[in-house]
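Structure assessment
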Amino acid sequence: MGKLKVGILISGRGSNMAALVEAARDPAFPAEVCCVLSNRPDAKGLDFARERGIPTVLVDHKAYASKAEFEVAVTEALMDHGVDFVCLAGFMRIVSPAFIERWHNRLINIHPSLLPSYKGLHTHERALADGVKLTGCTVHFVRAEMDVGPIVAQAAVPVLTGDTPDSLASRILTAEHRLYPLAVRLIAEGKATLKGEVVDIAPDAVDETGRLFSAI
Ligand code: GRF
């Protein structure tokens, strides 16, 4: 079976993209990163991708009269690079229903909370204000409603006394960097499959405690 051909959409730092690129350097990883696309010319992640020899594409949303035209250009660029699966990784444009439909069930996102808690922005501030003791991150298929969609995988992260939004964000980010490659691997191996609007995880993808096996 061929590898899943992944395109990654970023807008900034791109540390999750970097984690996916690094994971995909392992010949045994079942997905390859065909291109990294940014809507911003100054996205730091573009430098990382270029240094690793990954094709990069800039589709500057400001150069398009409408979101629809911008997204058509994004899709064309992804298709030009042979992409058949899209990972949003800190992509700061809300994608339209038309784009989601075009990439239906081939478009995933990572969000820094345990969805369905804390959708949207300022997740860590809100988690701290609520005093929750566990938060984390979620990889999910993208649906028209923001931060909603079938959950592929989640990692729980403890909230510690004295945490600030920054310290919590950084602990969660470390978990994100393990979770995103793991989620892509499960999908590419056919071990995370959609059954309606729920993702089924293959029994052999988890240990006896129900934890996902992670090679990363
Ligand atoms: C991550 O926290 C991710 O969960 C959220 O945006 C942030 C992107 O960070 N969607 P990076 O660009 O991957 O470093």
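A short tour of the structure in this document, coming up. Please read all numbers here as calculations on a predicted model, not as lab measurements. (Residues numbered from 1 in each chain as written. Predicted model: local features only at pLDDT ≥ 70, side-chain atom pairs only at ≥ 80, totals over all residues. Heavy atoms only, no water.)

1. Overview of the side chain of S15
Mapped onto the secondary structure, S15 falls in helix α1 (residues 15–24). Of the polar contacts made by the side chain of S15, one reaches the side chain of H177; its length is 2.8 Å. (Helix = DSSP H or I, 4+ residues; strand = E, 2+ residues; numbered from the N terminus. Polar contact = N/O pair within 3.5 Å; in protein donor to acceptor, adjacent residues only side chain to side chain.)

2. Comments concerning the sheet that holds strand β5 (residues 107–111)
Sheet architecture is open: seven strands sit in the order β3-β2-β1-β4-β5-β6-β7, paired in mixed fashion. The sheet terminates laterally at β3 (56–58) and β7 (151–158), the two strands that pair on one side only. In this sheet, adjacent strand axes meet at a mean angle of 20 degrees when their direction is disregarded. Alignment of strand β2 (residues 31–38) against β3, held across three bridges, turns out to be parallel. Residue L37 lies in a different strand from β3, and its bridge partner there is V57. Taken strand by strand, α1 contacts β1 (4–10), β2, β4 (85–88) and β5, and its axis lies near 155 degrees from that of β2. Most of the contacts of helix α3 (residues 67–80) go to β2, to which it runs at about 145 degrees, and overall it touches β1, β2, β3 and β4. (Pairing = 2+ DSSP bridges. Axes fitted to C-alpha atoms, helices over the stretch in contact; angles between N-to-C directions. Contact = heavy atoms within 4.5 Å.)

3. Side note on the packing of helix α5 (residues 123–130) against helix α6 (residues 165–188)
Orientation of α5 relative to α6, taken along the N-to-C sense of each, is 115 degrees, at an axis distance of 9 Å. The angle between α5 and α6 falls in the class roughly perpendicular. Helix-helix and strand crossings are classified by hand; for α5 and α6 the assignment is right-handed. Judged by residue contacts, H124, E125 and L128 of α5 engage P165, L168, A169 and I172 from α6. Split by residue class, the contact of α5 with α6 holds five nonpolar, one polar and one charged. (Parallel < 35°, antiparallel > 145°, perpendicular 65-115°, else oblique. Left-handed = near helix turned anticlockwise from the far one by under 90°. Nonpolar A, V, L, I, M, F, W, Y, C, P; charged D, E, K, R; others polar.)

4. Things to note about the packing of α1 against α6
As a packed pair, α1 and α6 sit with axes 9 Å apart at the nearest point and diverge in direction by 45 degrees. In terms of orientation, α1 lies oblique with respect to α6. For the pair α1 and α6, the sense of crossing is right-handed. Along its contact with α1, which presents S15, N16, A19, L20 and A23, the element α6 presents L173, E176, H177, Y180, P181 and V184.

5. What to know about the nonpolar core
With 46 residues, the main nonpolar core has I8, C87, I108, V152, Y180 and V184 as its most contacted residues. Broken down by element, the residue count for this core peaks at 11 residues, all from α6. Filtering out sequence-adjacent residues up to four positions away, I108 remains in contact with F85, V86, C87, L88, V139, H140, F141, V142, Y180, V184 and I187. Counting residues in hydrophobic clusters, the runner-up holds 21 residues, among them V59, V83, L88 and L107. (Core = buried A, V, L, I, M, F, W, Y, C linked by side-chain atoms within 4.5 Å. Buried < 20%, exposed > 50% of the residue type's maximum accessible area, 1.4 Å probe, protein only.)

The quantities given are spatial measurements derived from coordinates; they are silent on function.
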